[in-house]
Amino acid sequence: MTPTTHLRCLRYLTLLGADITALTSGSDTLFIGTSVGIVHVINSAFKIVRSFPTYENDSEHVGSIRHIKQVEGTKLLVTVSEDLSTEPVLKVWALDKTERKTGSPRCQSTVTIQNGRRQFPISAFATTPSLSLVAVGFANGSIVLIRGDLIHDRGSKQRIIFESEEPITNLCFSPPPTTPGAHAHQGGFGPYRHTPAPDGGDTLYVSTIGRILTLVTAGKGTGQPRVLESQGCGPGCMKPAIDFSSEEKGLAGEGSDIVVARDDAIYFYGPNGRGACYAYEGPKEMVHIFKNYVALVSPPASQPSTAPRSGGMTGTLKRLVGRGVAAAVTEDPFDVTKFTLLDTELKFVAHSERLISGVKQVFGTWGDLFVLTFDGKVHRYHEVSLQEKLGILYARNLYIPAINLAQKAGVGEAKLRAIYRRYADYLYGKGDWDGSMQWYIKAIGKSNEEGVSTVIRKFLDTQRIHNLIEYLEELHMHDIATSDHTTLLLNCYAKLKDIGKLEKFIKVSSGEGLRFDVDTAIAMCRQAGYHEQAVYLAERQDEHEVVVGILVENLGKVDEALGYTKRLEPDIAYSSLMRYARTFLREVPQQTTDFFIDASPKKISDSAAGEGGAVPLDLPAPYKPPRPRTAFSSFVDHPKEFVEFLEDVLETAREGVLSEGDRADIYTTLFEMYLQRANEAKTREEKQQWETKAKGIIEDKETLVDTSNVLLLSHLSNFRDGTVLVREKQGLRFDIFRSCCSAGDTAGAVRALKKYGAEEPQLYVAALSYFTSSPRVLADAGEEELQWVLKVIDEQGLMKPLQVVQTLSTNAVATVGMVKRYLGDTIEKERREIESNRRMIESYKTETEKKKAEIEDLGSKPSVFQSQRCLACGLQLELPTVHFLCKHSFHQRCLNNVDDNPECPTCSASNQTIRTLRKAQDEYVDRHEYFNSQLQESRDKFGTVSEFFGKGVMAPPPVFN
């Protein structure tokens, strides 16, 4: 065992000189028995707070107090006084009760210990916690067992249960299952009543000079010995393996009821025999259990060992009878007593010290360990803190004991890993790379991530790459590896070209849940050329675009990549398809085009509706298909596939699945592709076929192609039919005719004139100008067409003859002979119209004169009314009768008019019309702007002026006298 210092000597005191014959510790005090039978009670300051004799008068004095014990958890004190001239006396004292006369504690019971009238000193003493059993061992080898209620003095029985030729050196009862001190009560006699739990004592352990045995204390087998070991031990070298003064369990456990110290080792025994054994060479004269430590006292070298094999029988007997005190003090400064504390569980020496005087007793109280020497001095030892213990072990490079100590103390994982790290640094400094790496791995944890980089830098040497790989793998297992750690680990695999380890790292980690940065691992695998492993990682992580990228860019498996893409979810599949669409179209054009078609909204709607037919995409209901125009750029340099795709999507547009904007994009793009394919056609038949398809788009009633786009594309592709169709569809007939004229297409102009002339008469006017614009145009059109145009103009009155003459006279193309017939017809027509106008004028004049004569007759001549019936009721006229100047007569009662100016009902309507017209004419007099607008808009301005003259607008205002 390696020596350390886990206890510190705090005090060095002198205690009552050398007159101490017995000593025991209680819960808060120390009890000392003297040779004159006095008990002193000492507090923690080592001051005597109370003293009392164990006898009432001198006649009862029975000698010195040889054994004293305070019952744990109670106020009871047991003393055993002896004098070889009389029988030993055992007394039980109640410390919380006093006698009125003396003030001393009350003696609860007194028992005279009988050893068959043989006067031998008491060599061993033991009691159970409840005082129900008391065992007394004598130097003659006999053991007396006292049984009874000693606390309440209800009587007791004693008998000798064992006799031997060897002196009894130690007695111990088997310990209780629980510590008695944990069940202490407060106040009165409550402390005398223990819990009903067993308090031990079923087995009595006995040691003699030559053997260790057990005795049964209850039942029919009481007193029957059972030898556990054929070797004994000296007085004070056997103790219970439990510290009753401490809250800690001590060393007691299954098979470890007592501890025995011999010269060769320390042994633990239970009811079934020997238990654990810890080698520790050297003579020993005393053992004591303090917390989890074993305290040993080794005699000076000048004194013989207490072991029988060393011839120490004489010294043992002297100790038994109390005559070895003088020999314990030596004048030789080098002949000293050795005091040692061992931690048997962790296997190291916690403290070691040499004492000039011999040790009389070792005891524990107030949480510390005390050593009483024969010169009356007390040494106090205090256990240092765990951190100080660890510091001591660190200073001596005792890292394994430090680790064991920390684990035993139950320190946190963070502190424990810090110790691992210190030990690993120590081994690294010694050059033990493998050993240090094992402890560095144990030190891995969340709390010390900052030290990971330091460890990695230590093992970056190529010769230590295997240790580095091991460490990096553990980092990933503990889920604290960063992307840099993953990169470094994969680089190490690549440097060693260890594909097996690489795959194991990837696949095992994937099976247990990925413990590394997958993106970094994929990038490193691709960089190092491990593409299959990169694909595996990407698939496990659902990095589908990465999988497709590796298959296309690194492995060149375009067909396989396209097949993998088809199996993906539609949104992910379309994203991957668009990323590598040009590569797919270059390598597998037909399959890629089919995939684009399958991803179109038409296929999506069919799949969602549950229609028949195999759909390669497993599409979820909430999936929103992409807009078709997103795929247009992918078909650059692939016009054939692009047309196929657009034609399929066009059916979708006609079924109303797409939005209006998408439909417009499809129609426009497909129209452009048709024109492009027509221009690239090698034969006329092929060109006509593509142009026919282009015309079909324009003529389609559902087409949403913008007119400006069609006109622009038709112009750029020299597709005149498209321009014509668009203008015709939008009613731009004049533009169609004008475009034919500007292009010099006389035949086209004639066709347009015949097709649209009925709806657009002004085309004839434009045709007249165009036909006579040049001799070539006139020759192409023909004189018959010119005559036909002139005839229509004349019939529909589109132009005045003068205007026709002026139009034809702008150039010398048309001759008089060409328009001779037109001019003759026009002059004849004008003559007939003039003659007709003259006759009308004469009739208006005649009528006007007639009206003037009638008005004059009405004003100057009497009127004769010859009507005999009322025009209203048709009855014979009777007075009163009303006659109007218009020759209409009515009964007065039929007029039903109370006005002063009655009007003829028959003529009132026509009169009102005349009045309205006159009123309107009067109003036109002041509306000069209306006259100006009509004059500006009119083609026959003279006719307009004449019309306004006829309405009286130009007449001078009437003058009233």
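Each chain carries its own residue numbering, running from 1 in the written order of its sequence. The model is predicted, so local features are restricted to residues of pLDDT at least 70 and side-chain atom pairs to those at 80 or more, both for listing and for counting; the totals for chains, interfaces and linings are taken over all residues. Only hydrogens and water are set aside when side-chain values are computed; all heavy atoms of the structure are taken into account.

Draft legend 1. Main features of unusual backbone geometry. Following L879, the chain continues to P880 via a peptide bond in cis, the omega torsion being -5 degrees. Labels follow the DSSP assignment, with helices taken as runs of H or I lasting at least four residues and strands as runs of E lasting at least two, numbered in each case from the N terminus. Within the secondary structure, P880 sits in the loop between α30 (816-860) and β30 (881-883). Non-glycine residue N397 carries a positive phi angle of around 60 degrees. Residue placement: N397 occurs in the loop between α3 (386-395) and α4 (399-409). Only protein chains enter the area calculation, which uses a 1.4 Å probe; residues under 20% of their type maximum are buried, those over 50% are exposed, and those in between are partly exposed. Judged by its relative accessible area of 37%, N397 falls in the partly exposed class. Unlike most non-glycine residues, D637 shows phi in positive territory, near 70 degrees. Given a relative accessible area of 69%, D637 falls into the exposed group.

Draft legend 2. Quick look at the pairing of strand β6 (residues 48-53). Two strands are said to pair when DSSP picks up at least two bridges between them. Here 5 bridges tie strand β5 (residues 38-42) to β6, and the two strands are oriented antiparallel to one another. For I38, the partnering residue across the bridge sits in β6 and is P53. If you look at the hairpin formed by β5 and β6, you'll find 5 residues sitting between the two strands, and F46 has a positive phi there, around 60 degrees.

Draft legend 3. The arrangement of the nonpolar core in detail. Nine residue types can take part in a nonpolar core, namely buried Ala, Val, Leu, Ile, Met, Phe, Trp, Tyr and Cys, and a core is a set of them joined through side-chain atoms within 4.5 Å. F339, V362, Y471, L475, F584 and F645 are the most contacted members of the largest nonpolar core, which totals 110 residues. Here the element with the most residues in this core is helix α20 (residues 660-680); it accounts for 8 residues. One finds I212, A265, I266 and Y269 within the second-largest nonpolar core, a separate group that totals 26 residues.

Draft legend 4. Representation of the UniProt feature "coiled-coil region" (unreviewed entry) in the chain. Following the UniProt record, one finds the feature "coiled-coil region" (unreviewed entry) at residues 827-861. Between the first and last C-alpha atoms of residues 827-861 the distance is 50 Å; the span itself is 97% helix and 0% strand. UniProt positions are given in the numbering used here, feature names are shortened, and annotations may be inferred rather than shown by experiment.

Draft legend 5. Inspection of the sheet that holds strand β10 (residues 105-112) at higher detail. Spatial ordering of the open sheet is given by β7-β8-β9-β10, a layout of 4 strands whose pairing is antiparallel. Across the chains shown, the open sheet's two edge strands, defined by having one partner strand only, are β7 (64-70) and β10. Geometrically, the sheet is characterised by an average inter-axis angle of 25 degrees between neighbouring strands, direction not taken into account. Two elements, strand β8 (residues 76-82) and strand β9 (residues 89-98), share 6 bridges in a ladder whose sense is antiparallel. Paired with S81 across the two strands is V89, which belongs to β9. For helices, the axis comes from a line fit to the C-alpha atoms of the stretch in contact; other axes are also lines fit to C-alpha atoms, and the angle between any two N-to-C directions lies between 0 and 180 degrees.

Draft legend 6. Spatial organisation of the packing of helix α12 (residues 531-540) against helix α13 (residues 544-554). As a packed pair, α12 and α13 sit with axes 8 Å apart at the nearest point and diverge in direction by 160 degrees. The orientation of α12 relative to α13 falls into the category roughly antiparallel. In the packing of α12 onto α13, the handedness of the crossing is left-handed. Contacts between α12 and α13 involve H531, A534, V535, A538 and E539 from the former and V546, V547, I550, L551 and N554 from the latter. A class-by-class count of the residues in the contact of α12 with α13 yields 7 nonpolar, 2 polar and 1 charged. Note that the term roughly parallel is reserved for angles under 35 degrees, roughly antiparallel for angles over 145, roughly perpendicular for angles of 65 to 115, and oblique for everything else. Should the near helix be turned anticlockwise from the far one by less than a right angle, the crossing is left-handed, and should it be turned clockwise, the crossing is right-handed. Whether two residues touch is decided by their heavy atoms; if any such pair falls within 4.5 Å, the residues are in contact. Under this grouping Gly is polar, as are all residues other than the nonpolar Ala, Val, Leu, Ile, Met, Phe, Trp, Tyr, Cys and Pro and the charged Asp, Glu, Lys and Arg.

Draft legend 7. Focus on the packing of aromatic side chains. For this analysis, a ring pair means two rings from Phe, Tyr or Trp (six-membered ring only for Trp) whose centres lie within 6.5 Å, classed as stacked if their planes differ by under 30 degrees, edge-to-face if by over 60, and tilted for the remaining angles. Counted according to the given criterion, the structure contains 21 aromatic pairs. A centroid spacing of 5.3 Å and a plane angle of 55 degrees characterise the contact between F52 and W93, whose relative ring orientation is tilted. Here F52 is found in strand β6, whereas its partner W93 is found in strand β9, with 41 residues between them in sequence. Here F52 falls in the buried class, since its relative accessible area comes to 1%. The buried category is assigned to W93, whose relative accessible area is 5%. Here the aromatic residues Y394, Y399, Y420, Y423, Y426 and W439 are joined through ring pairs into a cluster of three or more. Put simply, a charge is over a ring when the Lys NZ or the Arg CZ is close to the ring centre, within 6 Å, and near the line of the ring normal, within 35 degrees. Seen from the ring of Y267, R262 lies directly overhead, with NZ or CZ sitting 4.7 Å from the centre. Over the ring of Y428 we find K458; its NZ or CZ atom is 5.0 Å from the centre of that ring.

Draft legend 8. The arrangement of the pairing of strand β26 (residues 348-355) in detail. In terms of strand pairing, strand β25 (residues 337-343) meets β26 through 7 bridges, oriented antiparallel. Looking at β26, one finds that L341 is bridged to H351. As consecutive antiparallel partners, β25 and β26 are separated by 4 residues, and within that stretch K347 has a phi angle of approximately 60 degrees, a positive value.

Draft legend 9. The pattern of salt bridges, seen in detail. Any Lys or Arg side-chain nitrogen located within 4 Å of an Asp or Glu carboxyl oxygen qualifies as a salt bridge. Under the definition given, this model contains 16 salt bridges. When the shortest N-O distance is used, the salt bridge between K291 and E383 registers 3.3 Å. Here E383 lies in strand β29 (residues 377-383) and K291 lies in the loop between β23 (286-290) and β24 (293-298), a separation of 92 residues in the sequence. In this structure, K291 and E383 share a single accessibility class: buried. When the shortest N-O distance is used, the salt bridge between E383 and K389 registers 2.3 Å. Residue classification places E383 among the buried positions, given a relative accessible area of 17%. Linked by salt bridges that have partners in common, K291, E383 and K389 make up one network.

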